[in-house]
Amino acid sequence: QQPVQSPQAVILREGEDAVINCSSSKALYSVHWYRQKHGEAPVFLMILLKGGEQKGHEKISASFNEKKQQSSLYLTASQLSYSGTYFCGTERFGFSGNTPLVFGKGTRLSVIA
Amino acid sequence: SQTIHQWPATLVQPVGSPLSLECTVEGTSNPNLYWYRQAAGRGLQLLFYSVGIGQISSEVPQNLSASRPQDRQFILSSKKLLLSDSGFYLCAWNGGLGGNSGNTIYFGEGSWLTVV
């Protein structure tokens, strides 16, 4: 029931781009993206609520393909501060509202100089 | 604005000892509250959630329990800890009156538990 993320880990040099994918076996109503720095709590990045919706946060953007039941997170011109583990979360009960989120296993992103 | 706090931040407990982690949310009423656990290098596992006082739903059968004695207070407990209980425990919230719209979940600072 938890979403599946890929890749598990990626290493980038500063300025390079990366894509993190999140897919689900069930219908999605929203996708939530978080970033977690080592030893800290996850921090909310963005939520996508509608199929086809795209959002951006600095040079980080995301898309949501409702039909394909997947979302992608795009990191453009990566900075050292982008390093961390990225998680996507989806509704536990499959409808949009105040429900628990279940998360993928995360994608560890390392940006090196 | 809304804030969430949990404590203690770090604890080391022997196997078989009890556990109590506490979490409070400020700036909203009737929030949904959650406990997640993250084992070392692993993902976020939903343990419990609550939509109101005294209402607890368990996602994973184990030797842990949760309680919500007050509207904005959520407690994670164990009577006897196991080595496998070690991990990073995160309290989280969403919804509520005066809270955020949509389903965005916000996490507390986390509690590191090491069972020895």
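We now turn to the structure provided with this report.

The rules behind the values
Residue positions are given per chain, counting from 1 as you read along its sequence in written order. Chain letters start at A and ligand numbers start at 1, both assigned in the order the entries are written. Only residues with pLDDT of at least 70 are given local features in this predicted model, and only at 80 or more are side-chain atom pairs given and counted; all residues enter the totals for whole chains, interfaces and linings. With hydrogens and water excluded, all non-hydrogen atoms of the structure serve as input to the side-chain values. Here a strand is any run of E in DSSP of at least two residues, a helix any run of H or I of at least four, and the numbering for each starts at the N terminus. In this treatment the radius of gyration is a C-alpha quantity, and the globule benchmark scales as 2.2 Å times the residue count to the 0.38 power. Only protein chains enter the accessibility calculation, which uses a 1.4 Å probe; a residue is then buried when its area is under 20% of its type maximum, exposed when over 50%, and partly exposed in between. For every accessible area listed, the method is Shrake-Rupley and the probe measures 1.4 Å; residues are considered covered only by the protein chains on display. In summary, the charge assignment counts Lys and Arg as positive and Asp and Glu as negative, without counting His or the chain termini. Just so you know, the charge point we use is NZ for Lys, CZ for Arg, CG for Asp and CD for Glu. Any pair of cysteine sulfurs within 2.5 Å is marked as a disulfide. We call a set of buried residues a nonpolar core when its members are Ala, Val, Leu, Ile, Met, Phe, Trp, Tyr or Cys and they connect through side-chain atoms within 4.5 Å of each other. Residue contacts are counted whenever heavy atoms from the two residues lie within 4.5 Å of one another. Salt bridges are defined as contacts in which a side-chain nitrogen from Lys or Arg sits within 4 Å of a carboxyl oxygen from Asp or Glu. Summed over both partners, the accessible area (1.4 Å probe) lost when two parts come together is defined as the buried area. In protein, a polar contact means a hydrogen-donor-capable atom and an acceptor-capable atom, both N or O and within 3.5 Å, with residues adjacent in sequence counting only if both atoms are side-chain atoms; elsewhere, any N or O pair within 3.5 Å suffices. The nonpolar class holds Ala, Val, Leu, Ile, Met, Phe, Trp, Tyr, Cys and Pro. Asp, Glu, Lys and Arg form the charged class, and all remaining residues, Gly among them, are polar.

1. A few points about the overall build of chain A
In terms of regular secondary structure, chain A is built from 0 helices and 11 strands. Order of helices (α) and strands (β) in chain A, N terminus to C terminus: β-β-β-β-β-β-β-β-β-β-β. Taken over C-alpha atoms, the radius of gyration comes to 13 Å for chain A, in line with the 13 Å a tight globule of 113 residues would show. Along the first, second and third principal axes, the C-alpha set of chain A runs to 40 × 30 × 20 Å. Here chain A holds 113 residues, and 48% of them are scored as buried. Of the roughly 5,600 Å² that chain A leaves accessible, carbon and sulfur atoms contribute 49%. Within chain A, the 8 negative side-chain charges are centred at a point lying 6 Å from the centre of the 12 positive side-chain charges.

2. As for the state of the cysteines
The full count for this structure, using the stated rule, is 2 disulfides over all chains. Put simply, A:Cys22 and A:Cys88 are joined by a disulfide, and their sulfur atoms are 2.0 Å apart. On the sign convention where negative is left-handed, the bridge of A:Cys22 and A:Cys88, at about 75° about the S-S bond, is right-handed. Of this pair, A:Cys22 sits in strand 3 (residues 18-23) while A:Cys88 sits in strand 9 (residues 84-91); the two residues are 66 residues apart in sequence, bridging distant segments of the chain. Assigned by exposure class, A:Cys22 and A:Cys88 land together as buried. Bridging B:Cys23 to B:Cys91, the disulfide has an S-S length of 2.0 Å. Its S-S torsion of about -75° marks the bond between B:Cys23 and B:Cys91 as left-handed, since a negative value means left-handed.

3. Description of the nonpolar core
Counting 21 residues, the largest nonpolar core has A:Trp33, A:Leu73, A:Leu75, A:Tyr86 and A:Leu109 as its most contacted members. Put simply, the parts of the chain that give this core at least two residues each are strand 2 (9-13), strand 3, strand 4 (31-36), strand 5 (43-48), strand 7 (60-65), strand 8 (70-75), strand 9 and strand 11 (107-112) of chain A. With residues up to four places along the chain from it excluded, the contact list for A:Leu75 reads A:Glu16, A:Asp17, A:Ala18, A:Ile20, A:Lys59, A:Ile60, A:Tyr82, A:Tyr86 and A:Leu109. Formed by 20 residues, the second largest nonpolar core is a distinct cluster that contains B:Leu19, B:Trp35, B:Tyr89 and B:Trp93.

4. Overview of unusual backbone geometry
Residues A:Ser6 and A:Pro7 are joined by a peptide bond in cis, for which omega reads -5°. With respect to the helices and strands, the residue A:Pro7 is situated in the loop between strand 1 (4-6) and strand 2. In this structure, the amide linkage connecting B:Trp7 to the following residue, B:Pro8, adopts the cis form with an omega of 0°. Positive phi is not limited to glycine here, since B:Asn30 has a value of about 55°. Considering the arrangement of structural elements, one finds B:Asn30 in the loop between strand 3 (19-26) and strand 4 (32-38). Judged by relative accessible area, which is 41%, B:Asn30 ranks as partly exposed.

5. Some points on the pattern of salt bridges
Counting across every chain of the model gives 4 salt bridges over all chains. A salt bridge links A:Arg92 to B:Glu59, with the shortest nitrogen-to-oxygen separation between them at 2.7 Å. Note that A:Arg92 is positioned in the loop between strand 9 and strand 10 (101-103) and B:Glu59 in the loop between strand 6 (55-58) and strand 7 (64-70), a pairing that runs across two chains.

6. Brief notes about the interface of chain A and chain B
Contact with chain A, which involves 21 residues of that partner, is made by 23 residues of chain B. When chain A packs against chain B, close to 1,700 Å² is buried across both sides, 57% of that on carbon and sulfur atoms. Here chain A and chain B share 1 salt bridge between them. The tally of links from chain A across to chain B stands at 4 residue pairs in polar contact (both at pLDDT 80 or more). Breaking the side of chain A that touches chain B down by element, the ones donating at least two residues are strand 4, strand 5, strand 9 and strand 10 of chain A. Considering every element that reaches the side of chain A that touches chain B, the biggest residue donor is strand 4 of chain A, with 3 residues. Here the side of chain A that touches chain B is built from residues that sort into 10 nonpolar, 7 polar and 4 charged.

In short, shape yes, function no, at least from these values alone.
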